[in-house]
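# Working through the structure, step by step
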Amino acid sequence: MINKPRLNEDGITIHTPEEFEGMRKSGALAAEILDMITEHVIPGVTTEVLDQLIHDYMIASGATPATLGYRGYTKSSCISLNHVVCHGIPADKKLKDGDILNIDVTCILDGWFGDTSRMYVCGKLSRKAERLIDITHTALMLGIDQVKPGNTFGDIGAAIQAYVEAQRCSVVRDFCGHGLGRVFHSAPNVVHFGRWGTGPILEEGMFFTIEPMVNLGKPHTKILSDDWTAVTKDKSLSAQFEHSIGVTATGVEIFTNSSMGNFYPTWG
């Protein structure tokens, strides 16, 4: 008898143990793409060139870019520089020394969506940018630490919010993580702030992203005239990390870990 996914009372898909393998493969490819692009993040390269490299690698790997054509979006990745919070559109803008950027990719491999993003540094890194990136990565991992059956989605948000605000930074409220699997976005919304013990209860078989956006300044954002690019209202620096994960019987499996250990920048 083949197990089938089901919806729980909160409308969240509970996947079968067999379906974890599809997410492992798509997540591994998404991480591999971000590993590949690392050496290309240098002063003078355009974000459009980076996007083309990502597109070509994805296609050559037998996958398709989930963002290309999604609600009219025209690129295969989102690349968000400095004070851009998320959904930055690759273009002819050249990277310059000191830029920080988030590159966000989602590939569709054999019908499964692998979604991940990480921070990159172009050239020399400022101390305030380094601190922000450190805080954002730690916040993501603290959120992931809360993932196990019986905990709640509020626990994830509360852990992230408590840490970030203790560091005198702010958590963006306007965007959140999401369920995924054979669809790009589904229930639940995974917010990165909240109260302990609130929200739906985590169950084995849930697949979703955790992707906190953290600002050095205030949390407020605005959308530019392209209807996609979100920036900080106060023009403060912003950072983000994202993993796709699955809830297991005893805790969590991260589908989008870098096999090369490149997910988190190191300051050599």
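Report on the accompanying structure. (Residues numbered from 1 in each chain as written. Predicted model: local features only at pLDDT ≥ 70, side-chain atom pairs only at ≥ 80, totals over all residues. Heavy atoms only, no water.)

## Some words on the sheet that holds strand E13 (residues 221-223)
Two pairing modes exist for strands in a sheet, parallel and antiparallel, and in both the strands are linked by backbone hydrogen bonds. Rules: Pairing between strands is defined by DSSP: at least two bridges between the two strands are required. Labels follow the DSSP assignment, with helices taken as runs of H or I lasting at least four residues and strands as runs of E lasting at least two, numbered in each case from the N terminus. Comment: axis = line fitted to C-alpha atoms, over the contacting stretch for helices; angle = value between 0 and 180 degrees taken between N-to-C directions.
With respect to topology, three strands assemble into an open sheet ordered E5-E14-E13, the strand pairing being antiparallel. Of all the strands in the sheet, the pair left with one neighbour each is strand E5 (84-86) and E13. Neighbour-to-neighbour, the strand axes of the sheet open up by a mean angle of 40 degrees, direction not taken into account. In terms of strand pairing, E13 meets strand E14 (residues 230-232) through three bridges, oriented antiparallel.

## Quick word on the sheet that holds strand E12 (residues 213-215)
In plain terms, the rule: Contacts between residues were defined by any pair of non-hydrogen atoms, one from each residue, lying within 4.5 Å.
Here three strands make up an open sheet; going across it, the order is E8-E12-E15 and the pairing antiparallel. Looking at which strands have only one partner, the edges of the open sheet turn out to be strand E8 (170-171) and strand E15 (238-240). Here three bridges tie E12 to E15, and the two strands are oriented antiparallel to one another. Residue Val-214 lies in a different strand from E15, and its bridge partner there is Ala-239. Across the sheet, helix H3 (residues 127-145) touches E12 and E15, and the angle it forms with E15 is around 35 degrees.

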